[in-house]
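Secondary and tertiary structure notes
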Amino acid sequence: MGKAFRAGIIGTGSYVPERVLTNFDLEKMVDTNDEWIRTRTGIRERRIAKEDQATSDLAYEAAQRALEASDVAAEALDLIIVATITPDTAFPSTANILQDRLGAHRAAAFDQAAACSGFIYALATAAQFIESGVYRYVLVVGAETLSRIVDWEDRNTCVLFGDGAGAAVLGPVPEDEGVRAFVLGSDGSGGELLKLPAGGSRLPASHDTVDRRLHYLKMNGREVFKFAVRVMNQASDEVIEKAGLTKDAIDFLVPHQANLRIIESARERLELPAEKVVVNLDRFGNMSTASIPVALDEAVRAGKIQPGDHLLMVGFGAGLTWGALVLRWSASGSGV
Ligand code: UT7
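If you're wondering where the values come from, they're calculated on a predicted model, not measured in any experiment.

Overview of the UniProt feature "domain: Beta-ketoacyl-[acyl-carrier-protein] synthase III C-terminal" (unreviewed entry) in the protein chain
The UniProt entry lists residues 240-329 under the feature "domain: Beta-ketoacyl-[acyl-carrier-protein] synthase III C-terminal" (unreviewed entry), expressed in the numbering used here. The span residues 240-329 carries 32% helix and 22% strand; its end-to-end C-alpha distance comes to 15 Å.

Notes on the nonpolar core
Membership of the largest hydrophobic core comes to 44 residues, with the highest contact counts inside it found for Val239, Leu253, Leu312, Val314 and Phe316. At the level of elements, strand E8 (178-186), helix H8 (221-242), helix H9 (260-270), strand E12 (310-317) and strand E13 (321-328) are the ones that each hand at least two residues to this core. Per element, the largest residue contribution to this core is 8 residues, and it comes from H8. Listed in part, the 31 residues of the second largest apolar core include Ile9, Ile81, Val300 and Leu327.

Focus: the pattern of salt bridges
Taken as a whole and assessed by the stated rule, the structure comprises 17 salt bridges. We note a salt bridge from Arg328 to Asp176, for which the minimum N-O separation is 3.6 Å. One end of the pair, Arg328, is in strand E13; the other, Asp176, is in the loop between strand E7 (163-173) and E8, and 152 residues separate them in sequence. Exposure remark for Arg328: the relative accessible area of 24% places this residue in the partly exposed category. One network of salt bridges, with partners in common, ties together Asp151, Glu153 and Arg213.

Considering unusual backbone geometry
The omega torsion across Phe91 and Pro92 is 0°, close enough to zero to call that bond cis. Tracing the chain through its elements places Pro92 in the loop between strand E4 (79-83) and helix H4 (94-102). Gly319 connects to Leu320 through a cis peptide bond whose omega is -5°. Examined against the element boundaries, Leu320 turns out to sit in the loop between E12 and E13. In this structure, Asp71 is a non-glycine residue whose phi angle is positive, near 65°. Its location among the elements puts Asp71 in the loop between helix H3 (55-70) and E4. A positive phi angle, close to 55°, is found at Arg213, a residue other than glycine. Inspection of the secondary structure puts Arg213 in the loop between helix H7 (207-211) and strand E10 (218-219).

Here we look at the pairing of E4
Regular strands place their side chains on alternate faces of the sheet. For E4, a buried count of 5 out of 5 residues is recorded, marking the element as mostly surrounded by other parts of the structure. Going residue by residue along E4, you find Leu79, Ile81 and Ala83 tucked away on one face and Ile80 and Val82 tucked away on the opposite face as well. One ladder, built from 5 bridges, connects E4 with strand E5 (residues 108-112); its direction is parallel. Its bridge partner lying in E5, Ala83 is registered against Gln112.

Overview of the environment of Gly133
Following the sequence through the fold, Gly133 ends up in the loop between helix H5 (118-131) and strand E6 (138-145). Note: C-alpha distance between Gly133 and Phe284 (151 residues apart in sequence) is 37 Å.

A closer look at the UniProt feature "active site" (unreviewed entry) in the protein chain
As recorded in UniProt, the feature "active site" (unreviewed entry) lies at Cys116, His256 and Asn286. Separation in sequence by 171 residues is not matched in space for these annotated residues, since their most distant C-alpha atoms are only 9.0 Å apart. Examined against the element boundaries, Cys116 turns out to sit in the loop between E5 and H5. The residues contacting Cys116, other than those within four sequence positions of it, are His256, Asn286, Ser288, Thr289, Gly315, Phe316 and Gly317. One can find His256 in the loop between strand E11 (252-255) and H9. The exposure class assigned to His256 is buried, which follows from its relative accessible area of 1%.

Here's the deal with helix H11 (residues 291-301)
Of all 11 residues making up H11, 9 are buried, and the element is well covered by its neighbours. If you check which residues of H11 are buried, you get Ser291, Ile292, Pro293, Val294, Ala295, Leu296, Asp297, Ala299 and Val300. With its phi angle positive at about 80°, Gly303 sits one or two positions after the end of H11.

Observations regarding the site of the ligand
Close to the ligand lie 23 residues; Thr32, Arg40, Arg222, Asn259 and Asn286 are nearest. For the ligand, an oxygen atom lies 2.7 Å from a polar atom in the side chain of Asn259. The separation between an oxygen atom of the ligand and a polar side-chain atom of Arg261 is 3.1 Å. When the free accessible area of the ligand is taken as 960 Å², the share hidden by the protein chains comes to 76%. Within the residue set of the shell around the ligand, elements represented by two or more residues are helix H2 (34-41), helix H6 (155-158), H8 and H9. Residues that form the shell around the ligand fall into these classes: 11 nonpolar, 7 polar and 5 charged.

Reading guide: rules and limits
- Residues numbered from 1 in each chain as written.
- Predicted model: local features only at pLDDT ≥ 70, side-chain atom pairs only at ≥ 80, totals over all residues.
- Heavy atoms only, no water.
- UniProt positions renumbered as here; feature names shortened; annotations may be inferred.
- Helix = DSSP H or I, 4+ residues; strand = E, 2+ residues; numbered from the N terminus.
- Core = buried A, V, L, I, M, F, W, Y, C linked by side-chain atoms within 4.5 Å.
- Buried < 20%, exposed > 50% of the residue type's maximum accessible area, 1.4 Å probe, protein only.
- Salt bridge = Lys/Arg side-chain N within 4 Å of Asp/Glu carboxyl O.
- Pairing = 2+ DSSP bridges.
- Contact = heavy atoms within 4.5 Å.
- Near = heavy atom within 4 Å.
- Polar contact = N/O pair within 3.5 Å; in protein donor to acceptor, adjacent residues only side chain to side chain.
- Areas by Shrake-Rupley, 256 points an atom, 1.4 Å probe, with all protein chains shown as cover.
- Nonpolar A, V, L, I, M, F, W, Y, C, P; charged D, E, K, R; others polar.

Set out below in structure tokens:
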């Protein structure tokens, strides 16, 4: 056990597949139209992985970029956490596969399943290992190939999701930087609202489950929408207070990207101008665990986020789960 530190993000990276699927492409696949998708969700297009690309392949690209940005070698990683709902396989974990490909020989590795809140859960987990002095460098990845579990015949869901990966390297940072506070929550009674019914121990894969399309994501969009608006606001208020801040101290909101109307509701509540909210769902749709880290990486690389800025990240999703985290930004590669 070493000395206790504050944990911060010291490098980010992201990757999205090249193939673009536009709303107009979807018009040819299901009974929908660009206008409906744009006005109800804010999404214009999304990325789709190639047939031979699995979640770990996307995660690998994002992880390499985050390692480069942080100036941390793969061999120096102590732990890899991959947040995903579309792992390459049920086991081994996608984190194990990634560890091998990166050559992160010293690292422990596991997947974390908290659906779209997964990246926040993983950040909070990583921070505990660093702040306790147990580990120094932790790679956290949110990666998804949701195109593999979306029912391309169901217009209620297939227009919403996309593939991608985002990563962050966490390490020890000076006392006044890094993770200030987080809140994590769960309401398992809402599990039926958003789920993948088959393929687990409840409903193992069979001809019948395949015939009944039970290996595809099912969602009650309207109920999830209500939950999302409520929980985004509650979790934001709670974490800002826990961090000892007031909402005017927040420089950037990096929200989960499920629906622009949900993001707008949070933005209004926080009284933030539009340029202080990082939005990418117009180009990538909902990438579940990857939405927040991809948005974060884009904002960092665009030079929007500067050392000292207070970031509020908020996620929500299946479980039901939610998570919010306030972080004071550190310079890239600024570990102590
Ligand atoms: O990250 C995971 C969390 N997931 C979410 O946060 C999703 C949250 N929910 C939502 O974003 C919204 O509820 C949706 C975008 C999924 C749906 O928007 P909505 O405003 O709640 O629409 P709705 O489900 O109430 O449906 C309105 C109408 C329905 O027609 P009727 O019954 O009024 O005739 C739907 O059948 O829109 C219809 N509809 C569509 N029409 C054209 C549903 N999907 C489509 C579509 N194209 N793709």
